[in-house]
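# Fold and geometry: a report
The chain contents come next:
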Amino acid sequence: MSTSQVSGQTLWDWCQAAQRQASCLEAASVVTHPEQASQVNLEEELAWLLQEVAGLDRLALYLGSFREKSAITLSLTLPELQQLWQQRIQARTPIQYLLGVAPWRQFRLKVSPAVLIPRPETECLIDLAVAAAEQSPSPVKFQAGLWADLGTGSGAIAIGLATAFPLATIHAVDSSPAALAVAEDNIQELDLATRIHLYQGVWLEPLTRLKGKLSGIVANPPYIPTGKLAQLQPEVSWHEPHLALDGGRDGLESLRAIIAAAPAYLRPGGVLLLEMMAGQAKSVRQLLQQEEYTQVKIYPDLAGIERFTLAYRPPESSL
Ligand code: GLN
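Throughout what follows, the structure given in this document is the object of discussion. As the structure is a computational prediction, the values presented were derived from the model and not from experiment.

Burial along strand 4 (residues 107-110) is one-sided: Phe107 and Leu109 are buried, while Arg108 and Lys110, pointing the other way, are not. As paired elements, strand 3 (residues 101-104) and strand 4 share four bridges and run antiparallel to each other. Its bridge partner lying in strand 4, Pro103 is registered against Arg108. Counted between consecutive antiparallel strands, the loop separating strand 3 from strand 4 contains two residues, among which Arg105 sits at a positive phi close to 50°.

Okay, here's the thing in structure tokens:
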């Protein structure tokens, strides 16, 4: 893509047309999967696109003040911009894949269709990990300990943990080499390569040498029942990696595998922190109660949906 210059009026006309297309799509799209916390807001997305390609801020867009400018520099040509917007509107490609970036917590993460776009609700997992560490009788054991992020995708959770716990080491696992390549880029970009180690494999399997040593295991595993994948909004079901979404027949297959394996990898008193789907809290609590965990807790996401579960391996004294 090559840079180009357009007049303010030309870009303004383009924006008007793009907005009309967006409102047609929004009016036509039926209510998406109720479980999905992130709903499409095309006006916001158009503003973000223009901010990225034309450096226009929200106020300039809102007031239309850029219309008076004789020349605006774009990072691509107008037909290329139009093509991107068509991919967004017609092919329903998520804007994050079109731009190759997703904002998440304080980071700007690289994303590709090899990884799930990190969701706002997943940001809470890091806050829960921080709170679990602070409330524990020995915070340093968590803050400077070894953590695992299972199914790291873009590396978001591992990066969030490494930043929240500057003395910790994070072991991040994914079964997809393409996802690991994206995570590696993000980790390099943020200068975290000495503190986040990447492994290719299934859940805890590559971490055998860390058995009994992990302070915390965090995961946002695939949890959508296979039969429900096709009902998700097209942005998700057509474009996001099913490997990161498909939780098997009942949606609980990955959660079950992680819950069963984690106690052997946690140090006594270590914490397991998982994201799950709306409606799964009861089953996940039962799964945890069948294994050796204590203090099982469920937490809501920002939309009030029961989304996270936290459980500890019992401390040494009670083993
Ligand atoms: N929350 C994601 C969605 O439905 C799913 C992520 C997952 O399966 N872990 O949009």
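Ranked by size, the top nonpolar core spans 37 residues in total, and within it Leu150, Ile217, Leu272 and Tyr293 carry the most contacts. Among the secondary structure elements, those contributing two or more residues to this core are strand 5 (146-150), strand 8 (214-219), helix 11 (253-265), strand 9 (266-275), helix 12 (281-290) and strand 10 (294-300). It is helix 11 that contributes the most residues to this core, five residues altogether. Setting aside chain neighbours within four positions, we find Tyr293 in contact with Ile258, Ile259, Ala262, Pro263, Leu266, Leu272, Leu288, Ala311, Tyr312, Arg313 and Pro314. One finds Trp104, Ala129, Ala156 and Val271 within the second-largest nonpolar core, a separate group that totals 32 residues.

What counts and how
- Residues numbered from 1 in each chain as written.
- Predicted model: local features only at pLDDT ≥ 70, side-chain atom pairs only at ≥ 80, totals over all residues.
- Heavy atoms only, no water.
- Buried < 20%, exposed > 50% of the residue type's maximum accessible area, 1.4 Å probe, protein only.
- Helix = DSSP H or I, 4+ residues; strand = E, 2+ residues; numbered from the N terminus.
- Pairing = 2+ DSSP bridges.
- Core = buried A, V, L, I, M, F, W, Y, C linked by side-chain atoms within 4.5 Å.
- Contact = heavy atoms within 4.5 Å.

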